[in-house]
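# An overview of the molecular structure
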Amino acid sequence: MPEADPTPILRRCPDCGSGVKRVLRSANDKRRWDADAWRRYRCRDDRCNWQGLLRVARHRRRASPPASGVAALARMGRITVLLLMTVGLAWGGIVALQLMLGL
Ligand SMILES: [Zn+2]
């Protein structure tokens, strides 16, 4: 999924000053502790062919989607309902048995 660049500033190659384009980061780049603060760029000039990491101006923090928490809660709710139904059925069965046996 292509990410929107948060900084509209035109980035320049540190070697030749030509424009750069975003490229996909390597797995090694993503392992950095501050990986979110960096973007990998490649120089548009074929003769230069510079490629490297440039820092993004704003540190963008990716918020974890709340959907996962809601899903977990819904799953827990379903389990609770199932448990209550099971307990209710078992209890009902015991009561019926006691009635049948005349206890
Ligand atoms: Zn360059």
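Described below are features of the structure shown in this document.

## Some thoughts on the coordination of the zinc ion
Protein-derived coordination of the zinc ion comes from Cys 13 (SG), Cys 16 (SG), Cys 43 (SG) and Cys 48 (SG), at a distance range of 2.2 to 2.4 Å. Seen from the zinc ion, its 4 donor atoms lie at angles of 99 to 115 degrees, and the figure they make is tetrahedral. Each donor residue of the zinc ion lies on the same chain, and together they follow the pattern C-x2-C-x26-C-x4-C. With Cys 13 in the segment before strand 1 (20-22) and Cys 48 in the loop between strand 2 (38-43) and strand 3 (51-55), this residue pair connects regions lying 35 residues apart in the sequence.

## Here's the deal with the side chain of Asp 45
Within the secondary structure, Asp 45 is located in the loop between strand 2 and strand 3. For Asp 45, a relative accessible area of 19% translates into the label buried. A polar contact of 2.9 Å, which involves the side chain of Asp 45, links it to the backbone nitrogen of Arg 47. Those residues in contact with Asp 45 that lie beyond four places of it in its chain are Cys 16 and Ser 18.

## With respect to the sheet that holds strand 2
Here we have 3 strands laid out as an open sheet, ordered 1-2-3, and antiparallel in their pairing. Looking at strand neighbours, the two that pair on one side only are strand 1 and strand 3, the edges of this open sheet. Each strand axis lies, on average, 45 degrees off the axis of its neighbour in the sheet, ignoring direction.

Rules behind the numbers
For every chain, the first residue of the written sequence is number 1, and numbering continues from 1 onward in sequence order. The predicted origin of the model limits local features to residues at a pLDDT of at least 70 and limits the giving and counting of side-chain atom pairs to 80 or more, whereas totals for whole chains, interfaces and linings rest on all residues. With hydrogens and water set aside, each side-chain value is computed from the structure's full complement of heavy atoms. Donor criterion used throughout: N, O or S atom within 2.8 Å of the metal, extended to 3.2 Å for Na, K and Ca. Water excluded; incomplete-looking sites may result. Irregular is the label for any site that misses the other tests, which are tetrahedral for four donors with all angles between 85 and 135 degrees, and square planar for four donors or octahedral for six when opposite donors exceed 155 degrees and the remaining angles lie between 65 and 115. Only runs of H or I of at least four residues qualify as helices and only runs of E of at least two qualify as strands under DSSP, and these elements are numbered from the N terminus. Only protein chains enter the accessibility calculation, which uses a 1.4 Å probe; a residue whose area is less than 20% of its type maximum is buried, one above 50% is exposed, and one in between is partly exposed. Think of a polar contact as two N or O atoms within 3.5 Å of one another; within protein, one of them needs to be a possible hydrogen donor and the other a possible acceptor, and neighboring residues in sequence only count if both atoms come from side chains. Here a residue-residue contact requires only that any non-hydrogen atoms of the pair lie within 4.5 Å. A strand pair is defined by DSSP finding two or more bridges across the two strands. Between the N-to-C directions of two axes lies an angle of 0 to 180 degrees, each axis being a line fitted to C-alpha atoms and, for a helix, fitted only over the stretch in contact.

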